[in-house]
Amino acid sequence: MTLEVAIRHRLGGFALDATFVSPDSLTALFGRSGAGKTSLINVIAGLIRPDFGRIVIDGQVLVDTERGVDVPRHRRRIGYVFQEGRLFPHLSVRHNLGYGRWFTPVGERYASFDAVVDLLGIAGLLDRRPHLLSGGERQRVAIGRALLASPKLLLMDEPLASLDEGRKQEILPYIERLRDELKLPIVYVSHAHAEVTRLTATLVVLSDGKVAAVGSVGEVMGRLDLFPLTGRYEAGAVLEARVAGHDGAFGLTILDSAAGALRVPKVDLPLGTPVRVRIRARDVMLATKRPEGLSALNVLGGRIAELSRAEGPIVEARLDLNGQALLARITRKSVSDLGIGPGSPVFAVIKSIAFDHRSLGLQSASAEE
Amino acid sequence: MIDFTPDELSAIRLSLRVALAATIATLPIGLAVALLLARVEFWGKSLLTVLVHLPLVLPPVVTGYVLLLLFGRQGPIGAFLADHLGIVFAFRWTGAALACAVMGFPLMVRAIRLSIEMVDRRLETAAGTLGAHPLWVFATVTLPLILPGIVAGMILTFAKALGEFGATITFVSNIPGETQTLPVAIYTLTQIPGGDPAALRLTLVSVAISVVALLASELVARRILNRTVAL
């Protein structure tokens, strides 16, 4: 799937001016609240008609203001999962699910009711009313309802934002299954690093209505200049790795990445499984000599590639570890005390690692079956 | 059981027929005007609002007299309808129904308009993204959600029609069997010597019909509410 967006639109005092092309099946629109993420997908869905521009999905022109093309929302065949579910209160779960399906031309219905119900684990909810569902259940039904309209593209507007951590973990695997099993193109709006890292191939960073960056998660998350937009506190580098071995005695798993071996608490994944790990800048310390007598397990050697130029007490450093970018957040005083700068050899001491299955691993696994 | 005279029975039957006709005739127009007022911005909206609510504040006699001027045999609208379509309101039961419809109209519009304004429009947007044409969205989402308001509006109009007196008697007079509805019949009975027992009988009938109508509406409203209660 390719999604081409080039639009300009004014909403009161806010100007949306976004141009990007995403060739991947899962595109994330990332940015702080108020950056224009929801407005942008509302334009794609046909809920907002842009002042100028074009939207093309796989060669099909949905909007072209110059040629006067504006496909009405009910003919776009774009599924939309809203932040708050928006289930119809007067219909049972079963009829909510069937709603969009009924409006889909018979020849274009690819989603089967039973398969979707099964995929989302909502078979037990079918005869309930929406107000009797929990937040997580409601969101799964909302996803099912959008899917059963057999959309060509699925828009998800922070579908997990209203859920607690446990419920998020409940829904995320289902979204991965949409991406990997149904191969459904998805545009996913989020401001959460963990979700985006776990799900996405192409990341579009929005700021103040404009596209600040487009690229792979690894590329974009590794850019120091985007730190203010991606959120300093959660910001960090994303590394692609593989399961290289398990250390049964100490309950550890060894991951192999371009930057070197990483030890993490044991995960039950077969050898060779690709995983994507996220290492937050605030979890990385720097040392000029390989430290000894330290509890941290993961110490990787490399060079400083770039230091952010900040006035405040904090400096972000981009490291080059054998070609792999890693970010560290240190004080300006430390930079001065250690006497480091671009090119200095350093050791990165990693305090903690967040990781998730990587999309490619699941895809190739299902392809082999 | 109470024994009714043929005149009393015809008054009861007439009242029910007039109220029912007024309610049913008001519904589509009331729904359309309620939608217009709740959803569309247009020039002269306040004027329309005032016009719709006028019968609520005008003395019913005035409303009846205006109807007589407009829809009477010599009135501009009345003459036109009679000559071209053969519809006559003056001194017919249909005229009584028209008077009741006009008097009940503001109540119908108010009830429906309020329920339309309560509808979460984001649900309609969601229906649109699921492939529903705007007309289908209205039929499958908006309409079911405003059903309680529609039922409430119909009950109010029906009740208003049962009790309508001033506009009816002014517009279509007091003709037994044709325009003499329950309130008019009761009024007439109280004006003649020895009419009190009959007036009391019809009063009890009035009360009974109203109680049954209200109970029915309560029942329907509760069933609908159970079905449509939002999150």
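In this report, we go over the structure that sits alongside the text. These figures come from a predicted structure and were not determined experimentally.

1. Examining the overall build of chain B
The number of helices and strands found in chain B is ten helices and zero strands. Ordered by position in the sequence, the α and β elements of chain B form the string α-α-α-α-α-α-α-α-α-α. Principal axes of the C-alpha set define a box for chain B whose edges measure 70 × 45 × 30 Å. Sorting the 231 residues of chain B into buried and exposed places 43% on the buried side. Long-range pairs, those at least 24 residues apart, make up 71% of the contacts in chain B with a sequence separation of at least 6. Of the roughly 12000 Å² of accessible surface on chain B, 71% is carried by carbon and sulfur atoms. For chain B, the distance from the average site of its 15 positive side-chain charges to the average site of its 12 negative ones is 8 Å.

2. Observations regarding the pattern of salt bridges
Scanning all chains against the criterion turns up 24 salt bridges over all chains. Here Asp127 of chain A makes a salt bridge to Arg94 of chain A, at a shortest N to O gap of 3.3 Å. In this pair, Asp127 of chain A is assigned in the loop between helix H3 (113-120) and helix H4 (135-147) and Arg94 of chain A in helix H2 (residues 93-103), connecting sequence segments 33 residues apart. The class of Arg94 of chain A is partly exposed, set by a relative accessible area of 35%. Put simply, Arg39 of chain B and Glu124 of chain B hold a salt bridge, and the shortest N to O gap is 2.7 Å. In this pair, Arg39 of chain B sits in helix H1 (residues 6-39) while Glu124 of chain B sits in helix H6 (residues 121-129), placing the two residues 85 residues apart along the sequence. The exposure class assigned to Glu124 of chain B is buried, which follows from its relative accessible area of 10%. A cluster of three or more residues bridged by salt bridges with shared partners is formed by Glu84 and Arg86 of chain A together with Asp120 and Arg122 of chain B.

3. Things to note about the layout of surface pockets
Residue and element names in this part refer to chain B. The calculated volume of the largest pocket comes to roughly 640 Å³. Taken together, 25 residues line the largest pocket, and the ones lying closest to its centre are Leu67, Phe71, Leu98, Val102 and Phe105. At the level of elements, H1, helix H2 (45-57), helix H3 (60-71) and helix H5 (93-118) are the ones that each hand at least two residues to the lining of the largest pocket. When residues in the lining of the largest pocket are grouped by element, the largest group, seven residues, is from H5.

4. What about the interface of chain A and chain B?
Of the residues lining the interface, 23 residues belong to chain A; the matching set on chain B comes to 23 residues. Interface of chain A and chain B: buried area, both sides summed, is about 2200 Å²; carbon and sulfur atoms make up 70% of it. The largest share of the area that chain A buries against chain B comes from His74, Pro89 and His90 of chain A, three residues that together contribute 29% of it. Remark: the boundary between chain A and chain B carries one salt bridge. Ionic pairing is found between Glu84 of chain A and Arg122 of chain B, a salt bridge with its closest N-O pair at 3.2 Å. Counting across the chain A and chain B interface gives four residue pairs in polar contact (both at pLDDT 80 or more). Elements with a minimum of two residues in the side of chain A that touches chain B: strand S7 (78-81), H2 and H4 of chain A. For the side of chain A that touches chain B, the element with the highest residue contribution is H2 of chain A, accounting for four residues.

5. Focus on the nonpolar core
With 36 residues, the main nonpolar core has Leu286, Leu319 and Leu326 of chain A as its most contacted residues. Mapped onto this core, the elements with two or more residues apiece are strand S12 (236-247), strand S14 (260-265), strand S15 (274-280), strand S16 (284-287), strand S17 (298-307), strand S18 (314-321), strand S19 (324-331) and strand S20 (345-350) of chain A.

6. Digging into the packing of H5 of chain B against helix H7 (residues 134-163) of chain B
All names here are of chain B. Two elements in contact, H5 and H7, have axes separated by 8 Å at closest approach and are oriented at 160°. In terms of their interaxial angle, H5 and H7 are classed as roughly antiparallel. Note that H5 runs across H7; the crossing there is right-handed. Taking contact as the criterion, the partners of Cys100, Met103, Gly104, Leu107, Met108, Ala111, Ile112, Ser115 and Ile116 in H5 are, on H7, Ile146, Gly149, Ile150, Ala152, Gly153, Met154, Leu156, Thr157, Lys160 and Ala161.

7. As for the pairing of strand S1 (residues 3-11) of chain A
Residue and element names in this part refer to chain A. Examined bridge by bridge, S1 and strand S4 (residues 52-57) share six bridges and lie antiparallel to one another. The partner of Leu3 across the bridge, within S4, is Ile57. As paired strands, S1 and strand S2 (residues 14-22) are joined by nine bridges and run antiparallel to one another. Note on S2: the bridge partner recorded for Leu3 is Ser22. Counted along the chain from S1 to the antiparallel partner S2, the turn is two residues long, and its residue Gly12 has a positive phi close to 60°.

8. Some points on unusual backbone geometry
Residues and elements named next belong to chain A. Of note, Arg77 is a non-glycine position whose phi angle comes to about 60°, a positive value. Overall, Arg77 belongs to the buried group, its relative accessible area being 14%. At Arg86, a position not held by glycine, the phi torsion is positive, near 55°. Positionally, Arg86 belongs in the loop between S7 and H2.

9. Overview of the side chain of Ser344 of chain A
All names here are of chain A. Tracing the backbone through its elements, the reader meets Ser344 in the loop between helix H9 (332-338) and S20. Within the structure, Ser344 has its side chain in polar contact with the backbone oxygen of Gly341 (distance 2.7 Å). Residue contacts for Ser344: discarding those within four places in its chain leaves Gly302, Arg303, Ile304 and Gly339.

10. Here's the deal with the pairing of strand S9 (residues 186-190) of chain A
Residues and elements named next belong to chain A. Among the five residues of S9, five are classified as buried, and the element is accordingly described as predominantly covered. Residue alternation in S9 divides its side chains into two sets, Ile186, Tyr188 and Ser190 and Val187 and Val189, and both sets are buried. Bridge analysis of strand S3 (residues 26-30) against S9 gives five bridges, and the strand direction is parallel. Bridge pairing in S9 places Thr27 opposite Val187. With helix H5 (residues 165-180) bridging strand S8 (residues 153-157) and its parallel neighbour S9, the resulting β-α-β unit is right-handed.

11. Observations concerning the packing of aromatic side chains
Under the counting rule described, the total for this entry stands at eight aromatic pairs over all chains. Centre to centre, the rings of Tyr80 of chain A and Phe82 of chain A are 4.0 Å apart; their planes meet at 10°, and the pair counts as stacked. Given the relative accessible area of 2%, Phe82 of chain A is considered buried. Each ring, one from Phe71 of chain B and one from Phe89 of chain B, has its centre 5.6 Å from the other, and the planes form 90°; the classification is edge-to-face. Residue Phe71 of chain B is located in helix H3, and its partner Phe89 of chain B is located in the loop between helix H4 (76-84) and H5; the two are separated by 18 residues in the primary sequence. Comparing Phe71 of chain B with Phe89 of chain B, the two get one shared label, buried. Through a chain of ring-to-ring contacts, the aromatic side chains of Phe88, Tyr99, Trp102 and Phe103 of chain A together with Trp136 of chain B assemble into a single cluster. When the ring centre of Phe88 of chain A is taken as origin, the NZ or CZ atom of Arg145 of chain A, which lies over that ring, is 4.6 Å away. The cationic tip of Arg17 of chain B hangs over the ring face of Trp93 of chain B; the distance from NZ or CZ to the ring centre is 4.7 Å.

The rules behind the values
- Residues numbered from 1 in each chain as written.
- Chains lettered and ligands numbered in written order.
- Predicted model: local features only at pLDDT ≥ 70, side-chain atom pairs only at ≥ 80, totals over all residues.
- Heavy atoms only, no water.
- Helix = DSSP H or I, 4+ residues; strand = E, 2+ residues; numbered from the N terminus.
- Buried < 20%, exposed > 50% of the residue type's maximum accessible area, 1.4 Å probe, protein only.
- Contact = heavy atoms within 4.5 Å.
- Areas by Shrake-Rupley, 256 points an atom, 1.4 Å probe, with all protein chains shown as cover.
- Lys, Arg positive; Asp, Glu negative; His and termini not counted.
- Charge placed at Lys NZ, Arg CZ, Asp CG, Glu CD.
- Salt bridge = Lys/Arg side-chain N within 4 Å of Asp/Glu carboxyl O.
- 1 Å grid on protein atoms, 1.4 Å probe; cavity = no way out; pocket = protein on both sides within 12 Å on 5 of 7 lines; lining within 4 Å.
- Points joined across faces, edges and corners; volume = space filled by probe spheres on them.
- Buried area = accessible area lost by both parts, 1.4 Å probe.
- Polar contact = N/O pair within 3.5 Å; in protein donor to acceptor, adjacent residues only side chain to side chain.
- Core = buried A, V, L, I, M, F, W, Y, C linked by side-chain atoms within 4.5 Å.
- Axes fitted to C-alpha atoms, helices over the stretch in contact; angles between N-to-C directions.
- Parallel < 35°, antiparallel > 145°, perpendicular 65-115°, else oblique.
- Left-handed = near helix turned anticlockwise from the far one by under 90°.
- Pairing = 2+ DSSP bridges.
- Right-handed = clockwise from strand over helix to strand, strands pointing away.
- Phe/Tyr/Trp six-rings, centres within 6.5 Å; stacked < 30°, edge-to-face > 60°.
- Lys NZ or Arg CZ within 6 Å of the ring centre and 35° of its normal.

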